[in-house]
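# Examination of the molecular architecture
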Amino acid sequence: MISGINYPWTLYQGKPNYGCDFGRNKWNSHAGVTAHPEDVRADFEAMAAAGFEVTRWFVFTDGRGGVKWNASGEIAGIADRFFDDMDAALEISASTSVRLCLVLVDFAWIDDPVRRMALESSAFLDRMLDPFLDRYGANRSIHSLDVINEPDWVTRELATNPERGVWPIENLRAFVGGAAARIHARSSALVTVGGGQVRFAREWDDAAYGLDFVQVHSYPDVRYQDRDVSLFGMTAADFGLSKPLLIGECPPDPRAHPEGHLSPAYTLDDYLNLARDGGYLGAWPWSFKGVDAFGAPAL
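Notes on the structure in this doc start here.

Reading the values: rules and limits
Residues numbered from 1 in each chain as written. Predicted model: local features only at pLDDT ≥ 70, side-chain atom pairs only at ≥ 80, totals over all residues. Heavy atoms only, no water. Helix = DSSP H or I, 4+ residues; strand = E, 2+ residues; numbered from the N terminus. Rg over C-alpha atoms; globule rule 2.2 N^0.38 Å. Buried < 20%, exposed > 50% of the residue type's maximum accessible area, 1.4 Å probe, protein only. Contact = heavy atoms within 4.5 Å. Areas by Shrake-Rupley, 256 points an atom, 1.4 Å probe, with all protein chains shown as cover. Lys, Arg positive; Asp, Glu negative; His and termini not counted. Charge placed at Lys NZ, Arg CZ, Asp CG, Glu CD. Pairing = 2+ DSSP bridges. Axes fitted to C-alpha atoms, helices over the stretch in contact; angles between N-to-C directions. Salt bridge = Lys/Arg side-chain N within 4 Å of Asp/Glu carboxyl O. Parallel < 35°, antiparallel > 145°, perpendicular 65-115°, else oblique. Left-handed = near helix turned anticlockwise from the far one by under 90°. Nonpolar A, V, L, I, M, F, W, Y, C, P; charged D, E, K, R; others polar. Core = buried A, V, L, I, M, F, W, Y, C linked by side-chain atoms within 4.5 Å.

### A word on the overall build of the chain
Helix and strand counts for the chain come out as 7 helices and 12 strands. In terms of C-alpha radius of gyration, the chain reaches 18 Å, essentially the compact-globule figure of 19 Å for 299 residues. For the chain, the C-alpha atoms occupy an extent of roughly 50 × 40 × 35 Å along the three principal directions. Evaluated residue by residue, the chain yields a buried proportion of 55% over its 299 residues. Considering only contacts in the chain between residues 6 or more positions apart, those separated by 24 or more positions represent 74%. Roughly 12200 Å² of accessible area belongs to the chain as shown, and the carbon and sulfur atoms make up 49% of that amount. Side chains of the chain give 27 positive and 41 negative charges; the mean places of these two sets differ by 3 Å.

Here's what the structure looks like:
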């Protein structure tokens, strides 16, 4: 098992810093790691003290930070201050021995058709991923690269909301497979995708994605038990996968949940025991910083 936790972004001046931890952002301001390194180091020291080996940290999210866009909305390259922030993050990671699972983009990137084109062409891979690998491909503090978080919500053949499913699955497979090939050629980092629903675990095992381990996120709701497959009562082997299976996100406390969601009485210990006894790669709670209504684990 790998002991991990979702960071997944910092708090900056008391507010969740989604999409702004690395580089200048679309508001032409900077709230990245180097703007508050002492806070980030304290977080990593706390994670290390709690025994976590890996933390899952979002990088470019929906394109609001770390990406330089030209006037026509196309990717021009990596934004100013990005390398300063990533250098600082990797130094903190190395000094605390908490390695990074870096999530490149979030599914919200796909909502904008212009941004989506950057993933459907080679623009993101050429102008964002390649420079990243040039600088960090050999860095041992990077445990893994999660190419895209929860793409099933916006993929035509997988989305639960048809209006949100705007991306054909062949485009998703081509993007992730292309990214995985470049990463494997130039880095020792493992490659994964943060699958949003347990029931699609076999999709991520398809060879087209080129992943090293499969990842699913589990947020069961007792009122809608047929909405997704329950992990409880299942071992990793029951999924019939060719790769290891990670529970990449799970709620840390059944008493903490968003309005309109009712979690079953599974505790974080229950998820950890499930992972250990069921042969999973691990169970990583969401989230260390308590960035939303699911709260933070009691470390």
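### Topic: the sheet that holds strand β11 (residues 245-250)
The 8 strands lie next to each other as β1-β4-β7-β8-β9-β10-β11-β12, forming an open sheet whose pairing is parallel. Each edge of the open sheet carries a strand with a single partner, namely β1 (4-6) and β12 (283-285). Averaged over all adjacent pairs, the angle separating strand axes in this sheet is 25°, with direction ignored. The pairing of strand β4 (residues 54-58) with strand β7 (residues 99-106) spans 5 bridges and is parallel. Within the sheet, the bridge partner assigned to R56 lies in β7 and is C101. Helix-sheet contacts for helix α2 (residues 82-96) involve β4, β7 and β8 (142-149), and the interaxial angle to β7 is about 150°. Lying on the sheet, helix α7 (residues 268-278) is in contact with β11 and β12; it crosses β12 at an angle near 160°.

### Notes on the pattern of salt bridges
Following the criterion strictly, the structure yields 18 salt bridges and no others. The shortest N-O distance in the salt bridge between E203 and R173 comes to 3.0 Å. A residue pair is termed long-range when its members are at least 10 positions apart, and E203 in helix α6 (residues 201-204) and R173 in helix α5 (residues 169-186) qualify at 30 residues. Overall, the relative accessible area of 14% leaves E203 in the buried class. You can call R173 partly exposed: its relative accessible area is 27%.

### Focus on the side chain of H143
The topology assignment puts H143 in strand β8. A relative accessible area of 9% places H143 in the buried class. In this structure, H143 is in contact with I2, V54, R99, L100, A189, L190 and F213, ignoring residues within four places of it in sequence.

### Some words on unusual backbone geometry
A cis amide bond links W286 to the next residue, S287, at an omega of 5°. In this structure, S287 sits in the segment after β12. With a phi angle near 75°, R81 is a residue other than glycine that sits in the positive phi range. Tracing the backbone shows R81 in the loop between β6 (75-78) and α2. Even without being a glycine, E150 presents a positive backbone phi close to 50°. The residue E150 is located in the loop between β8 and α5 in this model.

### Quick word on the pairing of β4
Here β4 lies mainly inside the structure; 5 of its 5 residues are buried. Neither face of β4 is exposed, since V54, R56 and F58 on one face and T55 and W57 on the opposite face are all buried. The pairing of β1 with β4 spans 3 bridges and is parallel. Within β4, the residue paired with G4 across the bridge is V54.

### Things to note about the packing of α2 against helix α4 (residues 123-136)
As a packed pair, α2 and α4 sit with axes 12 Å apart at the nearest point and diverge in direction by 45°. In terms of orientation, α2 lies oblique with respect to α4. In this structure, α2 meets α4 at a crossing whose hand is right-handed. Across the interface between the two elements, F82, F83, M86, D87 and L90 of α2 pack against P131, F132, R135 and Y136 of α4. For the contact of α2 with α4, a count of residues per class yields 7 nonpolar, no polar and 2 charged.

### A look at the nonpolar core
Core analysis: the largest hydrophobic core is formed by 77 residues, its most contacted members being W57, W109 and F124. With 8 residues, the top contributor of residues to this core is α4. If you look at the next biggest cluster of nonpolar residues, it comprises 8 residues, including W9, F58, V103 and A108.

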